[in-house]
Amino acid sequence: MKAIIPAAGLGTRFLPVTRVVPKEMLPIGAKPALELIVDEAESAGADEITIVISHGKELIREYFKGKPSIRFAYQLEQKGLGDAVLAGWENNGEHTNENVLILLGDALVAGCNASREMVELSKANGGCGVIGCERVPREKLSRYGILKLDGGRIADLVEKPSPEEAPSDIAVAGRYLLPAAVFDILRTQAPGKGGEIQLTDAIRRLVRNTPEEPASPFKILPYPYPGKRQDIGNPKGYFEALKAMGANV
Ligand code: G1P
């Protein structure tokens, strides 16, 4: 299975240290946070992992060099998460129709291997897609991709909606297992929220059954994984992650 870890963000919420150390390389005990994410992907069955970086984040490349399961791709401009994962896909060797695991490089999960559990859920459901999710309070809905569920599957998604527009209080939480078809969609994806190419917008085109998207909708299940997501993109979240990941150190 292929995995893509986008780690190209500039780390503006964690300045000034991110001028010299990518946020993904901050230590959790003796390992950089990113290595815990690589470990998660590998133990979920990923054997080809592409880490998407940007110029200035070569420390990541330096650290993992010599690890045969890992390759690198560059996101040349900060054009959004959708653009970053597409850059990873284009550099991820021969393409297959297998589902692809996407693990956000600034999201650690404490208490479970969310990716492995998602792969198991997919296997038990005919190889469908799975998106890791969590409930969020109303005042935080506008920070996340929010799911609309129908009959237990994902029927639609909205990126960073206002509380009034949000179709539920269930948010996309840093882990995706998606059909390879999402990358074809991303190639034609127009910029969305914030002028960025949003992964959320491409996934909604996969799952919606509308005349504009005549391809049969893909089944993608939500998975509220039992662990707790830690956002290491800012100092407070990093501090929380250090406490929560203590058992792994
Ligand atoms: C990204 C996604 C969003 C998701 C969030 C947490 O947003 O675009 O849909 O809910 O990660 O997984 P970001 O935090 O990069 O702005």
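K.L.:
Run through the packing of aromatic side chains, naming residues and quoting values.
P.N.:
According to the stated counting rule, one finds three aromatic pairs in the structure shown. Plain terms: the ring middles of Phe 14 and Tyr 238 are 5.8 Å apart, the flat faces sit at 65° to each other, and that makes the pair edge-to-face. Taken together, the residues span a long stretch of sequence, with Phe 14 in the loop between β1 (2–6) and β2 (27–28) and Tyr 238 in helix α7 (residues 235–244) at a distance of 224 residues. Here Phe 14 and Tyr 238 have matching classes, each one buried. Plain terms: the ring middles of Tyr 63 and Phe 64 are 5.0 Å apart, the flat faces sit at 85° to each other, and that makes the pair edge-to-face.

K.L.:
Any chance you could break down the nonpolar core for me, citing the residues and the numbers?
P.N.:
Ile 49, Ile 51, Ile 60 and Leu 108 are the most contacted members of the largest nonpolar core, which has 43 residues in total. Of the residues forming this core, the biggest block, six residues, is contributed by helix α1 (residues 33–43). Setting aside chain neighbours within four positions, we find Ile 51 in contact with Ile 5, Ala 7, Leu 34, Val 38, Ile 60, Phe 64, Ile 70, Arg 71, Phe 72 and Ala 73.

K.L.:
Break down the environment of Glu 159 for me, citing the residues and quoting the values.
P.N.:
Take Glu 159: it is sitting in strand β10 (residues 153–159). When the C-alpha positions of Glu 159 and Leu 104 are compared, they lie 16 Å apart, and in sequence the two are 55 residues distant. The contacts of Glu 159, once residues within four sequence positions are left out, are Tyr 144, Gly 145, Lys 193, Gln 198 and Thr 200. A polar side-chain atom of Glu 159 sits 2.8 Å from a polar atom in the side chain of Lys 160. At 2.6 Å, the side chain of Glu 159 forms a polar contact with the side chain of Thr 200.

K.L.:
Tell me about the site of the ligand, residues and numbers included.
P.N.:
In the vicinity of the ligand, the residues found are Leu 81, Leu 104, Tyr 144, Gly 145, Glu 159, Lys 160, Val 172, Ala 173, Gly 174, Tyr 176, Gln 198 and Thr 200. Between Lys 160 and the ligand, the recorded distance is 2.7 Å, taken from a side-chain N or O atom to an oxygen atom. Within the complex, the protein chains bury 75% of what would otherwise be the 390 Å² of accessible surface of the ligand. According to the grid-proximity analysis, the pocket containing the ligand is the largest pocket.

K.L.:
Any details on the environment of Tyr 144? Residues and values, ideally.
P.N.:
Among the secondary structure elements, Tyr 144 is positioned in the loop between β8 (129–135) and β9 (145–150). By relative accessible area, which is 15% here, Tyr 144 ends up buried. As for Tyr 144 and Glu 58, which are separated by 86 residues in sequence, their C-alpha atoms are 28 Å apart. Every residue in contact with Tyr 144, bar those within four places of it in the chain, is listed here: Glu 134, Val 136, Val 158, Glu 159, Lys 160, Pro 161, Ala 171, Val 172 and Arg 229. Of the polar contacts made by the side chain of Tyr 144, one reaches the side chain of Arg 229; its length is 2.6 Å.

K.L.:
How would you sum up a positive patch on the surface? Please name residues and give values.
P.N.:
Judged by side-chain charge, Lys 140, Arg 143, Lys 228 and Lys 236 come together as a positively charged surface patch. Note that Lys 140 resides in the loop between β8 and β9.

K.L.:
Talk me through the pattern of salt bridges; I want residue IDs and the actual numbers.
P.N.:
For side chains of opposite charge, pairing can occur when their charged atoms come near one another. Scanning the model with the defined rule gives 19 salt bridges in all. Residue Glu 48 is joined to Arg 71 by a salt bridge in which the shortest nitrogen-to-oxygen separation is 3.7 Å. Here Glu 48, found in strand β4 (residues 48–53), pairs with Arg 71, found in strand β5 (residues 70–74); they are 23 residues apart in sequence, far enough to count as distant. Look at Arg 71 and you get partly exposed, because its relative accessible area is 34%. Overlapping salt bridges bring together Arg 13, Lys 23, Asp 106 and Asp 231 as one network.

K.L.:
Outline the side chain of Ser 115, listing residues and values.
P.N.:
Residue placement: Ser 115 occurs in helix α4 (residues 114–123). Not counting residues up to four positions away in its chain, the partners in contact with Ser 115 are Glu 40, Ala 44, Leu 101, Leu 103 and Arg 175.

K.L.:
Run through the layout of surface pockets, naming residues and quoting values.
P.N.:
Counted as a void, the largest pocket has a volume near 1500 Å³. Looking at the largest pocket, it is lined by 48 residues, and the ones nearest its centre are Arg 13, Asp 106, Arg 143, Arg 229 and Asp 231. Residue assignment for the lining of the largest pocket shows that the elements contributing at least two residues are α3 (81–90), β8, β11 (170–178), α6 (199–207), β13 (228–231) and α7. Here the lining of the largest pocket is composed, by residue class, of 16 nonpolar, 15 polar and 17 charged.

The rules we used
Residues numbered from 1 in each chain as written. Predicted model: local features only at pLDDT ≥ 70, side-chain atom pairs only at ≥ 80, totals over all residues. Heavy atoms only, no water. Phe/Tyr/Trp six-rings, centres within 6.5 Å; stacked < 30°, edge-to-face > 60°. Helix = DSSP H or I, 4+ residues; strand = E, 2+ residues; numbered from the N terminus. Buried < 20%, exposed > 50% of the residue type's maximum accessible area, 1.4 Å probe, protein only. Core = buried A, V, L, I, M, F, W, Y, C linked by side-chain atoms within 4.5 Å. Contact = heavy atoms within 4.5 Å. Polar contact = N/O pair within 3.5 Å; in protein donor to acceptor, adjacent residues only side chain to side chain. Near = heavy atom within 4 Å. Areas by Shrake-Rupley, 256 points an atom, 1.4 Å probe, with all protein chains shown as cover. 1 Å grid on protein atoms, 1.4 Å probe; cavity = no way out; pocket = protein on both sides within 12 Å on 5 of 7 lines; lining within 4 Å. Sits in = over half its atoms within 2 Å of the grid points. Patch = residues over 30% accessible without salt bridge, like charges linked within 9 Å, V, L, I, M, F, W, Y side chains within 5 Å. Salt bridge = Lys/Arg side-chain N within 4 Å of Asp/Glu carboxyl O. Lys, Arg positive; Asp, Glu negative; His and termini not counted. Charge placed at Lys NZ, Arg CZ, Asp CG, Glu CD. Points joined across faces, edges and corners; volume = space filled by probe spheres on them. Nonpolar A, V, L, I, M, F, W, Y, C, P; charged D, E, K, R; others polar.

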